[in-house]
Amino acid sequence: MMHILPATVIVAGFLALAASMKRHQRDLLGRLLTHVQTRSTRMAGWFLLGIGWAVNAALLGPAMGTIVWCGELSLGAALTVTTLNWRTRRPSR
Amino acid sequence: MTARNGTIGRGEIVARLIAAIPANYLLTSAATACIARLLWRGMGVDPANASVAATLISFALFAILALVAFGARSVVRLWLWLAGSGLTLGITLWFSLSAGARI
Amino acid sequence: MKDSLRQSMALFHTWSGLLLGWLLFAMFATGTAAYFQDEITRWMQPEVTGDADPATAAQGAMRYLNSVAPDAKSWYISLPNSRSATTQVYWQPSGERPAKRVETSALLDRGGHAITSRETRGGFFLYRFHFDLHYMPVLWARYLVGVAAMFMLVAILSGVITHKKIFADFFMLRFGKGQRSWLDAHNVTAVLALPFHLMITFTGLVTLASMYMPWGIAANYAEQTAFSEAVFGRSAETVPSGRHAPLADLGPLVRNASARWNDERVGYISIANPNDAAALIEMSRAPEAAFGARGQTATFEGATGRAIGTHQATGSALATESVMIGLHTGRFAEWGLRWLYFLSGLGGTVMVGSGLVLWTVKRRARLSDPSCPHLGFRIVERLNIAAIAGLATGIAVYFLANRLLPLEMVDRAEREIDSLFLAWLGIGLWGILRPAGRAWTEALAIAGACFAAIPLANAMTTSRGLLPSLLAGDWTFVAFDLVMLVLAAGFLLAAVRSAQLRTKAKAGAKPRGANRRATSA
């Protein structure tokens, strides 16, 4: 249960990071973002990943929090990749 | 050393492999021993911690040296560096060991 | 010039990955399973239930050891942790020659009675296999494993340096695109769990550091034992007095030691010269109590039970090493983090496996005659089948053997292990005898079927099947069966996919050059 809040924040962070990459914008948002929007999305993504660390550190202490955060980063990224590619999955060719 | 078309010659691969694995291990061992001596005798760390610190560093050192062996532009320069630093470390270690005995 | 650097790194990555990939795959797979070694052991001993208290377990172990080896040179007692219920004891007989392991070790239940029915090495075997291998001297195995781990470390670093593109491709996992998909799977599993991979590889080397790089210790210590004493406290190698004196009751001593460590559990007891006036008892804190694997120790006089002292290695380097080992083994992890460890390990297993497959997929496209590949290619292809589908089947059969072999069989634990390797060998041979494409489909299907059979065998041979466990809220058993079903589904799905690919390849053997050009850019 303890992982759900920080993991959600981290997934949101990765989704924002994906949205800041041009190649994913059309799939995720249906349009290309402007330069300024891209930059703020990227910053929001990193910020959310940082918040994920802070939540873990607050809940579990900095040492355990960091370890759990690393695990959640991997899991969160995996979830993001799966959802992204699930959404954009088209019949090949 | 690099053959035409950007492909790598067989001799060069062998030279790099020897540099990256056996020579690397010898050099890393010498460096590890030197660091352990330096930390204990030179910087006053207790011998157990000095030895363990050196051992922990050694794995990073080996990995980096292996990368360098494959990444270095010139194989000749690479081997000159290896031989030079190996010699320096060996002499340092020899002096250190003859200056103060082990536990 | 930049290209030649990338090229030589890539060459190194490809070939060292191939050479050691099979071993790394086995290490990753069994090591990942080892994060749940206590749960696996529980599943493999369905007769043992409940929890065990360390003090009671220690008393039970003492009763047992007093009955089988009262005058042994030393006793070693591995107490149950919070996830397990059994005690493992070893002893060293008083004779000169070391005896066989089977004859000098036992697994005890809470009350100190040897568990003779359904003998098994449980999850502990998978844990040991991941660095000791099997059927070969432990020393060789550990060197081999160390070489593989170091190559892995270099391969990770070289992968990151030479393929900066993997970060640009961070979120890319394209399905159904042949080589591109394999590359994506390899990259995604590598990059997503990169912190884990780096940590696990480096700390793995650290766990056996003094074996791989003994020169740091040798530089300061003429004798390895002097170093051990500095780190672990006094060595338990004391001279027996020859005078008999019964050993003090271990129960109160365990509680005493625990109380000194903020009520953290005692994990391990070693006793030199039991039942001798010069007996010495040394207790170590359980590794699950903190990040550092190497905890405090407390020493007691054996005959009187008088506390002699406690020991804790101090210093930042030793603390760092201890935490690194702790991070690798993850014994401190509560269940949420334990699952994260498990999933990361699974990611690593898939990374190595997809890398191995990628080697063949990449080269198949370049073969002059794909219907008759050269010998090297065929060997790699067959070894991949044996390494991936074979090991999976082996592990499944290990669990099946636990349920299906006769309970009172002689050397049952060894026979369980043999079944693992026989199944592995069987799949290996199958891969050689059948055409490669077909062998993949069939071997994956066999692996899937074996995993699917495990919950069935469990339900039929014990009273702790999936449904009763679910009703009883026995989550260890529920989770085990469910993981087996998920693995079964995964392997069967892979079998179906590989069959589909084969029919597709047969239908239209058109060149697929476009994809390849995109990847080499």
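Residues numbered from 1 in each chain as written. Chains lettered and ligands numbered in written order. Predicted model: local features only at pLDDT ≥ 70, side-chain atom pairs only at ≥ 80, totals over all residues.

1. Structural notes on the nonpolar core
Residue and element names in this part refer to chain C.
Part 1: Phe25, Ala396, Ala443 and Ala447 are the most contacted members of the largest nonpolar core, which totals 172 residues.
Part 2: Other than its neighbours up to four places away in sequence, Ala396 contacts Ala447, Cys450, Phe451 and Ile454.
Part 3: Listed in part, the 37 residues of the second largest apolar core include Ala57, Ala58, Leu65 and Leu108. (Core = buried A, V, L, I, M, F, W, Y, C linked by C-beta atoms within 7 Å. Buried ≥ 20, exposed ≤ 12 C-beta atoms within 10 Å, placed from the backbone. Contact = placed C-beta atoms within 7 Å.)

2. Describing the environment of Lys73 of chain C
Residue and element names in this part refer to chain C.
Part 1: Following the sequence through the fold, Lys73 ends up in the loop between α3 (54-68) and β1 (74-78).
Part 2: Judged by C-beta crowding, with 19 C-beta atoms within 10 Å, Lys73 ranks as partly exposed.
Part 3: For Lys73 and Val239, which are 166 residues apart along the polypeptide, the C-alpha to C-alpha distance reads 9.7 Å.
Part 4: The residues contacting Lys73, other than those within four sequence positions of it, are Gln92, Pro93 and Ser94. (Helix = DSSP H or I, 4+ residues; strand = E, 2+ residues; numbered from the N terminus.)

3. Some remarks on unusual backbone geometry
All names here are of chain C.
Part 1: One non-glycine residue, Asn262, adopts positive backbone phi at about 50 degrees.
Part 2: Inspection of the secondary structure assignment puts Asn262 in the loop between α12 (250-260) and β4 (266-272).
Part 3: For Asn273, which is not glycine, the phi torsion reads 50 degrees and is therefore positive.
Part 4: Tracing the chain through its elements places Asn273 in the loop between β4 and β5 (280-285).
Part 5: For Asn273, a count of 26 C-beta atoms within 10 Å corresponds to the buried category.

4. Focus on the confidence of the model for chain B
Residue and element names in this part refer to chain B.
Part 1: Averaged over every residue, the pLDDT of chain B is 88; residues scoring 70 or more account for 92%.
Part 2: Confidence drops under pLDDT 50 across residues 1-6; counting only partners more than four residues distant or on other chains, this segment forms 11 contacts.
Part 3: On the interface metric, ipTM, the complex scores 0.91, and its pTM is 0.91. (pLDDT = per-residue confidence, 0-100.)

5. Considerations on the interface of chain B and chain C
Part 1: Taken residue by residue, the interface counts 32 residues in chain B and 38 residues in chain C.
Part 2: Where the side of chain B that touches chain C is concerned, the elements lending two or more residues are α1 (10-42) and α2 (47-71) of chain B.
Part 3: Ranked by residues supplied to the side of chain B that touches chain C, first place goes to α2 of chain B with 18 residues.
Part 4: Here the residues of the side of chain B that touches chain C are counted per class, giving 18 nonpolar, nine polar and five charged. (Nonpolar A, V, L, I, M, F, W, Y, C, P; charged D, E, K, R; others polar.)

6. Notes on the pairing of β1 of chain C
Looking along a regular strand, one sees side chains alternate from face to face of the sheet.
All names here are of chain C.
Part 1: Extensive coverage of β1 is indicated by the burial of four of its five residues.
Part 2: Pairing of β1 with strand β2 (residues 87-92), which is carried by five bridges, proceeds in the antiparallel orientation. Across the sheet, the residue bridging to Trp75 is Trp91, located in β2.
Part 3: With five bridges connecting them, β1 and β4 associate as antiparallel partners. Bridge pairing in β4 places Tyr76 opposite Ser270. (Pairing = 2+ DSSP bridges.)

7. Observations concerning the environment of Val350 of chain C
Residues and elements named next belong to chain C.
Part 1: Its place among the elements puts Val350 in helix α14 (residues 335-364).
Part 2: Residues Val350 and Phe28, 322 residues apart in the sequence, show an inter-C-alpha distance of 9.1 Å.
Part 3: Setting aside anything within four residues of it in sequence, one finds Val350 in contact with Ala185 and Thr189.

8. Some words on helix α2 (residues 22-29) of chain A
Part 1: Little of α2 of chain A is tucked away, with zero of its eight residues classed as buried.
Part 2: Taken from the residues just after α2 of chain A, Gly30 of chain A is the one with a positive phi, measuring 80 degrees.

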